[in-house]
Structure formats: structure tokens, C-alpha cells
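Single-letter residue listing:
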Amino acid sequence: MKRAPGRDTRPAYSEERRTWYGYGTLTRAKKSPWRRFLHDTSTVFADISIFGLPALLLALFFPDASPYGVGATALVLWVTMTAVAAVIRGGWIIPLGTDVRGWVSISLWLVVLRILYYNLVITVVVFAAPALARAVGIPALSLLLAVLAGSLATYAFPHLGERVYVRFDSSNPHHDEWLSDV
């Protein structure tokens, strides 16, 4: 298994996921590919939703009710970012700029990065895509732009996370001790 600083590689190289059986009991359980994907989707959905909440709320309360406006673009972008992050976390695709599978781990600087990055991407895409689509006269283009921009931004995020982690969190190395290097 390959490792990278600032990356959570365990879910990408394992068929097991953490499971809670109630009464405070946490364990790991082997899951089918579909169930792993659902688990990874719920994990990254929370990641993107919580840290991108300010920009998502801005888009939600923006007064644009058109089917290709800010709200629709935000929804498409949000779903796209979640889906791409889930397949990266599960190890089905390798992120841009790295040869290591897995999503970004949690540390102080990576939380700061998430807040800045998610809110910047969401804000820029949800306001620029509909404006650009209206400018060229194809309103539905805003949704396609949201899919493309969301995919690319999410696909590149793990590499950016590695760089930020190495730059700012090098005093607190990420230990991924569950598997040895292969």
C-alpha cells in the first residue's frame, strides 16, 4: 500500500468500514463494493456539506428561481463533488497529481484548507456558471459547467491536501500504521 502525507488511505485499500452497532460499540465490518460506496458517500457528503456550508447557504438564499440558476447549479455541483470524492475515498479512482488512492485526512490545517477551498469553489462555480451560460445564450450549460468544475476541483483536492499537509503539518506526521508499505 502506498502512503502519502495528509491522506487517509485506509478506506481506499480495504473492504472494511467502521460500523456502529449501538450501545457505544464501534467495530469494523467487511462490506460489499456497493455498501462501501454508500458508506464513503455519506462520509464525504458530511465533509463537503459541513465545511462548505457558508457557500451552500449563500446559494440557497440567493433569489434566483430559474431551473438553471444559482440554486440548481449549487445542487448539481454539490452532488458532483460528493460523488467524485466518494469514488476517490473508496479507491476506485486515483486523484489528480498523485499515485496514491484515498481522500484527505483530518488535521487542523486540512480543516482550514477544506473551509477555504470548498467555499471558494462552491461560490465561484455557482455564480460564474449561470452567468457564463446566460452570456452564451444556453442556460442549461450552467449545469454542465457545474459537473465539469466540480469534478475537476474534487479530483485535484487530495493533491492540494498533500501539499498543504507537508507545508504546514510536518511537525505532526500522519501515521497510517494499519498496513505496511507494499
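Shown above is the structure to which this text applies.
Residues numbered from 1 in each chain as written. Predicted model: local features only at pLDDT ≥ 70, side-chain atom pairs only at ≥ 80, totals over all residues. Heavy atoms only, no water.

Topic: the side chain of Ser142
Working step 1: Of note, Ser142 is situated in helix H5 (residues 141-168).
Working step 2: We classify Ser142 as buried; its relative accessible area is 0%.
Working step 3: Within the structure, Ser142 has its side chain in polar contact with the backbone oxygen of Tyr68 (distance 2.8 Å).
Working step 4: With residues near it in sequence (within four places) discarded, Ser142 still touches Tyr68, Thr73, Ala129, Pro130 and Ala133. (Helix = DSSP H or I, 4+ residues; strand = E, 2+ residues; numbered from the N terminus. Buried < 20%, exposed > 50% of the residue type's maximum accessible area, 1.4 Å probe, protein only. Polar contact = N/O pair within 3.5 Å; in protein donor to acceptor, adjacent residues only side chain to side chain. Contact = heavy atoms within 4.5 Å.)

Digging into the pairing of strand S2 (residues 16-20)
Working step 1: Only one face of S2 is buried: it carries Arg17 and Thr19, and the other face, with Glu16, Arg18 and Trp20, is open.
Working step 2: In the sheet, S2 pairs with strand S3 (residues 26-30) via five bridges, with the strands oriented antiparallel. By the bridge assignment for S3, Thr19 is matched with Thr27.
Working step 3: Hairpin connection from S2 to S3: five residues lie between these consecutive antiparallel strands, with Gly22 at a positive phi of about 95°. (Pairing = 2+ DSSP bridges.)

Some remarks on the nonpolar core
As a rule of thumb, nonpolar side chains are buried together in soluble globular proteins.
Working step 1: Of all hydrophobic cores here, the largest spans 29 residues; its most connected members are Tyr118 and Ile122.
Working step 2: Contributions of two or more residues to this core are made by helix H1 (33-51), helix H2 (53-60), helix H3 (70-89), strand S4 (103-104), helix H4 (108-136) and H5.
Working step 3: Excluding anything up to four places from it in sequence, Tyr118 contacts Asp47, Ile48, Phe51, Gly52, Met81, Trp103, Leu113 and Phe157. (Core = buried A, V, L, I, M, F, W, Y, C linked by side-chain atoms within 4.5 Å.)

What to know about the layout of surface pockets
Working step 1: Size it by volume and the largest pocket reaches roughly 180 Å³.
Working step 2: The wall of the largest pocket is formed by 11 residues, among which Asp8, Val104, Ser105, Ile106 and Arg114 lie closest to the centre.
Working step 3: If you list the elements that add at least two residues to the lining of the largest pocket, you get H1 and S4.
Working step 4: Top element by residues in the lining of the largest pocket is H1. It accounts for three residues.
Working step 5: Of the residues contributing to the lining of the largest pocket, the split by class is four nonpolar, three polar and four charged.
Working step 6: Counted as a void, the second largest pocket has a volume near 150 Å³.
Working step 7: Lining the second largest pocket, in full, are Leu53, Leu56, Leu57, Ala59, Leu60, Gly71, Ala74, Leu75 and Trp78.
Working step 8: Of all the elements in the fold, those that place two or more residues in the lining of the second largest pocket are H2 and H3.
Working step 9: A per-element tally of the lining of the second largest pocket places H2 first, with five residues.
Working step 10: In terms of residue class, the lining of the second largest pocket is built from eight nonpolar, one polar and no charged. (1 Å grid on protein atoms, 1.4 Å probe; cavity = no way out; pocket = protein on both sides within 12 Å on 5 of 7 lines; lining within 4 Å. Points joined across faces, edges and corners; volume = space filled by probe spheres on them. Nonpolar A, V, L, I, M, F, W, Y, C, P; charged D, E, K, R; others polar.)

Regarding the pattern of salt bridges
Working step 1: Per the counting criterion, the structure on display carries five salt bridges.
Working step 2: A salt bridge links Glu162 to Arg7; the shortest N-O distance between them is 2.3 Å. Highlighted residues: Glu162 in helix H5 and Arg7 in strand S1 (residues 7-8), separated in sequence by 155 residues. With respect to burial, Glu162 and Arg7 carry one shared label: buried.
Working step 3: A salt bridge links Asp40 to Arg89; the nearest nitrogen and oxygen atoms lie 2.5 Å apart. In this pair, Asp40 sits in helix H1 while Arg89 sits in helix H3, placing the two residues 49 residues apart along the sequence. Accessibility classification places Asp40 together with Arg89 in one group, the buried group.
Working step 4: What emerges from the salt-bridge pattern is a single network uniting Arg17, Asp40 and Arg89. (Salt bridge = Lys/Arg side-chain N within 4 Å of Asp/Glu carboxyl O.)

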